[in-house]
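In case you want the letters, here they are:
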Amino acid sequence: MYQITYFSESVRVEVAALPMTTRVKYAAYTERMKRFGANLGMPHTRAMGDGLFELRIKGTEGIARVFYCVAVERRIIVLHSFIKKTQTTPVRELEIARGRKKEVLNG
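Computed from a predicted model, the values in this text were never measured in an experiment.

**Student:** Run through the pattern of salt bridges, naming residues and quoting values.
**Tutor:** As enumerated under the stated definition, the model contains seven salt bridges in all. Across the pair Glu31 and Lys34 runs a salt bridge whose closest N-O atoms are separated by 3.1 Å. A residue pair is termed a helical-turn pair when its members lie 3 or 4 positions apart in one helix, as Glu31 and Lys34 do in helix 2 (residues 20-36) at three residues. Of the charged contacts in the structure, one is a salt bridge between Glu93 and Arg92, with a shortest N-O distance of 4.0 Å. According to the relative accessible area criterion, Glu93 is buried, its value standing at 15%. Residues joined in a network through salt bridges with shared partners are Arg46, Glu54, Arg56 and Arg65.

As structure tokens, then:
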């Protein structure tokens, strides 16, 4: 079994504030991740390179992305989430996740 943890309390609150149908799908996907690991494959998850993954969630209220990485001891760490408003992932959102991943892995 994998354990899901959050980079910070503010990230947990950020995820909890996602629209309802998105939160429901997030909960279902993270339950699968606890059992089977971080990479559920497309269309649910996508590797973003260098150990960073995105959880791809589509709800009736819109599309959300949740970035995460995997640390030692089977821990999946949720780094950042946002509501997607454009076709591509904004560079700023990706930079936030990459910076937090670096912090986690460097202690």
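**Student:** I'd like to hear about the packing of aromatic side chains, residue by residue, with values.
**Tutor:** This model, assessed by the stated rule, comprises two aromatic pairs. Between Phe53 and Tyr68 the ring centres are 5.5 Å apart and the planes differ by 10 degrees, which places this aromatic pair in the stacked class. Of this pair, Phe53 sits in strand 3 (residues 52-59) while Tyr68 sits in strand 4 (residues 62-71), and the two are 15 residues apart along the sequence. Taking relative accessible area as the criterion, Phe53 reaches 15% and is therefore assigned buried. Across the ring face of Tyr2, the terminal group of Arg74 is positioned such that the distance to the ring centre comes to 4.3 Å.

**Student:** Summarise the side chain of Thr89; cite the residues concerned and give the values.
**Tutor:** Among the structural elements, Thr89 can be located in the loop between strand 5 (75-84) and helix 3 (91-105). The class of Thr89 is buried, set by a relative accessible area of 19%. The residues touching Thr89, leaving out its near neighbours within four places in the chain, are Glu54, Phe67, Phe82 and Lys84.

**Student:** I'd like a rundown of the nonpolar core, residues and numbers included.
**Tutor:** Side chains of a nonpolar character, in soluble globular proteins, are inclined to be buried together. Formed by 16 residues in total, the largest nonpolar core has its most connected members in Tyr26, Leu55, Ile57, Val66, Tyr68 and Val78. Of all elements in the fold, only helix 1 (9-16), helix 2, strand 3, strand 4 and strand 5 reach the threshold of two or more residues within this core. Discounting chain neighbours no more than four positions away, the residues touching Ile57 are Thr22, Lys25, Tyr26, Tyr29, Gly62, Ile63, Ala64, Arg65 and Val66. Core analysis: the next-biggest nonpolar cluster, separate from the first, contains ten residues, Met48, Leu52, Cys69 and Ala71 among them.

What counts and how
Within each chain, residues carry numbers counting from 1 in the order of the written sequence. Thresholds applied to this predicted model are a pLDDT of at least 70 for local features of residues and 80 or more for the giving and counting of side-chain atom pairs; totals over whole chains, interfaces and linings are not thresholded and use all residues. Hydrogens and water molecules were not included; the side-chain quantities draw on all heavy atoms of the structure. A pairing counts as a salt bridge when a side-chain nitrogen of Lys or Arg comes within 4 Å of a carboxyl oxygen of Asp or Glu. Helix numbers and strand numbers start at the N terminus; a helix is a DSSP run of H or I with at least 4 residues, a strand a run of E with at least 2. Buried residues are those whose accessible area, probed at 1.4 Å on protein chains only, stays under 20% of the maximum for their type, while exposed residues exceed 50% and partly exposed ones sit between those limits. Between the rings of Phe, Tyr and Trp (Trp by its six-membered ring), a pair exists once the centres lie within 6.5 Å; its type follows the angle of the planes, with under 30 degrees stacked, over 60 edge-to-face, and the other angles tilted. Consider the ring centre and the ring normal. A charge sits over the ring if Lys NZ or Arg CZ is within 6 Å of that centre and within 35 degrees of that normal. In this analysis, two residues are considered to be in contact whenever any of their non-hydrogen atoms come within 4.5 Å of each other. Among buried residues, those of type Ala, Val, Leu, Ile, Met, Phe, Trp, Tyr and Cys that are joined through side-chain atoms within 4.5 Å constitute a nonpolar core.

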